[in-house]
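Descriptive structure summary
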Amino acid sequence: MKKILRILILILIMWGFPTFALFYISIGLGALTSYITILLLLIYFVFFVDNYRKPLLPFIFLGITYYTISGIQFLPTYGFVEDYLVFFIKFIIVVVCCTEVAKDSKIEEIFIVTIFGALSIVLHATIFPNIDATFGDTYGRFSGFYLNPNYAAITSLIGFSLSYGIKSVKLKLIGQLVFSFAGILTMSRYFLLIWILTNIVAAVMNRRNLLAPILGVIVLSFVLFSGAIKLNTARFEAWQSVFSDDEEVKTETFNDDNRQDTWATYTDIILRKPFFGNGYRKLQGGYFGLAAGVHNLYLLVLGEAGIIAFVFFMWIVLFLLIKSIQYYRYNFYYIFLAIVLATSFLVGHTYFEKYSTIFISIFLYLKLLDHGNERKSEQALQ
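Residues numbered from 1 in each chain as written. Predicted model: local features only at pLDDT ≥ 70, side-chain atom pairs only at ≥ 80, totals over all residues. Heavy atoms only, no water.

1. Some remarks on the overall build of the protein
Secondary structure assignment for the protein yields 17 helices and zero strands. Put simply, the protein has 382 residues, and 52% of those count as buried. For the protein, the proportion of contacts with a sequence separation of at least 24, taken over those separated by at least 6, is 73%. Split by element, the accessible area of the protein, about 17,700 Å² in all, is 65% carbon and sulfur. (Helix = DSSP H or I, 4+ residues; strand = E, 2+ residues; numbered from the N terminus. Buried < 20%, exposed > 50% of the residue type's maximum accessible area, 1.4 Å probe, protein only. Contact = heavy atoms within 4.5 Å. Areas by Shrake-Rupley, 256 points an atom, 1.4 Å probe, with all protein chains shown as cover.)

Structural data, given as structure tokens:
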């Protein structure tokens, strides 16, 4: 029963199913599955945990400081926002309860659940290409359960990174093929960059890892040149130009809607109130005459809640990066997953409401923490 409940929680979290249900089925079902996710987490925490581990204080402090300080700056001026308290409470519940779920979850369980999530991207592109509730039926970038192709790309990279921790060669290669295919279908520049970087590093670490990029190139060639899948025209032509000798690389498409331009528009706003921020949701679009959000979690935390919350956020990020580098020889996926998380925070700002990213952050944090404790015990025995 405990395992079934844990797998169900992983499915709801790693697929982002409540949001998918909200857009494609009904508002009622979307809200219901969201609260069911929280309820199942609480049930798991209360009834199925034998030995509670120490809470991950950096995550808890991040939630408390972000929501409290940003709320103090926002609510007196704009009044009570209905979802403010709900998201605050949900974040703390997710952090506390997901710590226990992540502690008990095997990497193979998370990996397989994420594979099926990525397959929804493939199904979206091949069977339901003209259905897109978020961007319209002619968008040509596919996202499956994840609604946003950039979020789908991040999920594909998370799965691809986890593959280097899978012992079964067959399962590992199946996953890498699925995640590569799904990530390419998102037409994400970010995915292509991090996917190439991961494969280069993996191949340098071990020549046997060359099979993954070979499979990826085959998949990429099929997508770009077969014409079997209708992709976003501008990005398709830009990607195609990279691999063609007949035309100049269309760099203007890659530079279009550049995230650096988006960040620059918020720089002055952030510098006005660096200590306590501008307030809850103020950098997520709709304020200061700006339609688009900041699309950068580092700037979001600093710009909405100020330096104190930012310190706790950087505590988490630096721990993941430093420890993953320190222990990369023991598990390749540590460093790959840390890179994906740290770089994904540069291109998105929805961390506090995306339970999958919170969960993976906690999962990696626990693995690095436990690995460090094991190393200290071994040294003490010697």
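After that view of the structure, there is still more to cover.
2. Some thoughts on the nonpolar core
Counting 114 residues, the largest nonpolar core has Y67, L162, F313, L320, F352, F359 and I362 as the members making the most contacts within it. Those residues in contact with F352, other than ones at most four positions away along the chain, are L62, Y66, Y67, F91, L297, L300, V301 and I358. (Core = buried A, V, L, I, M, F, W, Y, C linked by side-chain atoms within 4.5 Å.)

3. Quick word on the packing of aromatic side chains
One pass over the structure, following the stated rule, counts 32 aromatic pairs. With a centroid separation of 5.8 Å and an interplanar angle of 75°, the aromatic rings of F160 and Y164 are classed as edge-to-face. For the pair F160 and Y164, a shared accessibility class is recorded, and that class is buried. Taken together, Y66, Y67, Y84, F88, F91, Y280, Y298, F313, F345, Y351 and F352 form an aromatic cluster joined through their ring pairs. (Phe/Tyr/Trp six-rings, centres within 6.5 Å; stacked < 30°, edge-to-face > 60°.)

4. Overview of a nonpolar patch on the surface
Residues F275, F276, I307, I308 and V311 make up a contiguous nonpolar surface patch of roughly 480 Å² in combined accessible area. Positionally, I307 belongs in helix α15 (residues 307-326). Residue classification places I307 among the partly exposed residues on the basis of a relative accessible area of 36%. (Patch = residues over 30% accessible without salt bridge, like charges linked within 9 Å, V, L, I, M, F, W, Y side chains within 5 Å. Salt bridge = Lys/Arg side-chain N within 4 Å of Asp/Glu carboxyl O.)

5. Here's the deal with the environment of L215
Tracing the backbone through its elements, the reader meets L215 in helix α10 (residues 211-226). For L215, a relative accessible area of 24% gives the class partly exposed. Between the alpha carbons of L215 and L177 there is a distance of 6.6 Å; along the sequence they are 38 residues apart. Not counting chain neighbours up to four residues away, the residues in contact with L215 comprise L173 and L177.

6. Quick notes on the packing of helix α6 (residues 107-126) against helix α7 (residues 149-162)
How two helices sit against one another is set out by the angle between their axes and by the gap between those axes. Orientation of α6 relative to α7, taken along the N-to-C sense of each, is 145°, at an axis distance of 9 Å. Judged by the sense of rotation from one axis to the other, the crossing of α6 with α7 is left-handed. Mapping the contact onto sequence places I107, I110, F111, T114 and I121 in α6 and A152, T155, S156, G159 and L162 in α7. Residue classes in the contact of α6 with α7 are distributed as six nonpolar, four polar and no charged. (Axes fitted to C-alpha atoms, helices over the stretch in contact; angles between N-to-C directions. Left-handed = near helix turned anticlockwise from the far one by under 90°. Nonpolar A, V, L, I, M, F, W, Y, C, P; charged D, E, K, R; others polar.)

7. Observations concerning the confidence of the model for the protein
Where the model shows low pLDDT, its predicted coordinates should not be examined in detail. Residue-level pLDDT values for the protein average 85, and 85% of them are 70 or greater. Helix α12 (residues 251-255) is the least confidently modelled element of the protein, averaging 48 in pLDDT, while α15 averages 96, the highest of any element. Note on residues 243-251: pLDDT under 50 across the span, and eleven contacts to partners over four residues away in sequence or across chains. (pLDDT = per-residue confidence, 0-100.)

8. Looking at the pattern of salt bridges
If you walk through the whole model with that rule in mind, you get five salt bridges. The closest approach of N and O atoms between R53 and D370, which form a salt bridge, is 3.2 Å. Linking R53 in the loop between α3 (27-47) and α4 (57-78) with D370 in helix α17 (residues 355-381), this pair joins segments that are 317 residues apart in sequence. When its relative accessible area of 22% is taken as the criterion, R53 is described as partly exposed. Residue D370 is classed as partly exposed on the basis of its relative accessible area, which comes to 27%.

9. What about unusual backbone geometry?
A positive phi angle, near 65°, is found at L147, a position not held by glycine. Considering the arrangement of structural elements, one finds L147 in the loop between α6 and α7. Accessibility expressed as a relative area gives 7% for L147, which makes it buried. The phi dihedral of H295 falls on the positive side, at around 55°, and the residue is not glycine. With respect to the helices and strands, H295 occurs in the loop between α13 (259-272) and α14 (297-305). Take H295: its relative accessible area is 24%, and that puts it in the partly exposed class.

10. Overview of α15
Counted at 1.5 Å a residue, the expected span for α15 with its 20 residues is 28 Å, and the 27 Å between its end C-alpha atoms agrees. Of all the residues in α15, the buried ones are A309, F310, F312, F313, M314, I316, V317, F319, L320 and S324. (Expected span 1.5 Å × (residues − 1).)

11. A closer look at helix α9 (residues 189-205)
The first and last C-alpha atoms of α9 sit 25 Å apart over 17 residues, in line with the 24 Å expected at 1.5 Å per residue. Y190, F191, L192, I194, W195, T198, N199, A202 and A203 are the residues of α9 that are buried. The backbone nitrogen of Y190 has a side-chain oxygen 3.2 Å away, supplied by the residue at the start of α9, namely S188. (Polar contact = N/O pair within 3.5 Å; in protein donor to acceptor, adjacent residues only side chain to side chain.)

12. Structural notes on the packing of α7 against helix α8 (residues 169-185)
One way to put it is that α7 packs onto α8 with a least axis distance of 9 Å and a crossing angle of 160°. Taken together, α7 and α8 sit at an angle that is classed as roughly antiparallel. The element α7 and its partner α8 pack so that their crossing is left-handed. Between α7, through S156, G159 and F160, and α8, the contact on the second element is made entirely by Q176, F179, S180, A182 and G183. In terms of residue class, the contact of α7 with α8 is made up of three nonpolar, five polar and no charged. (Parallel < 35°, antiparallel > 145°, perpendicular 65-115°, else oblique.)

13. A look at the side chain of S156
Relative to the helices and strands, S156 resides in helix α7. Those residues within four positions of S156 in sequence are excluded, and the remaining contacts are I121, F179, A182, G183 and F191.

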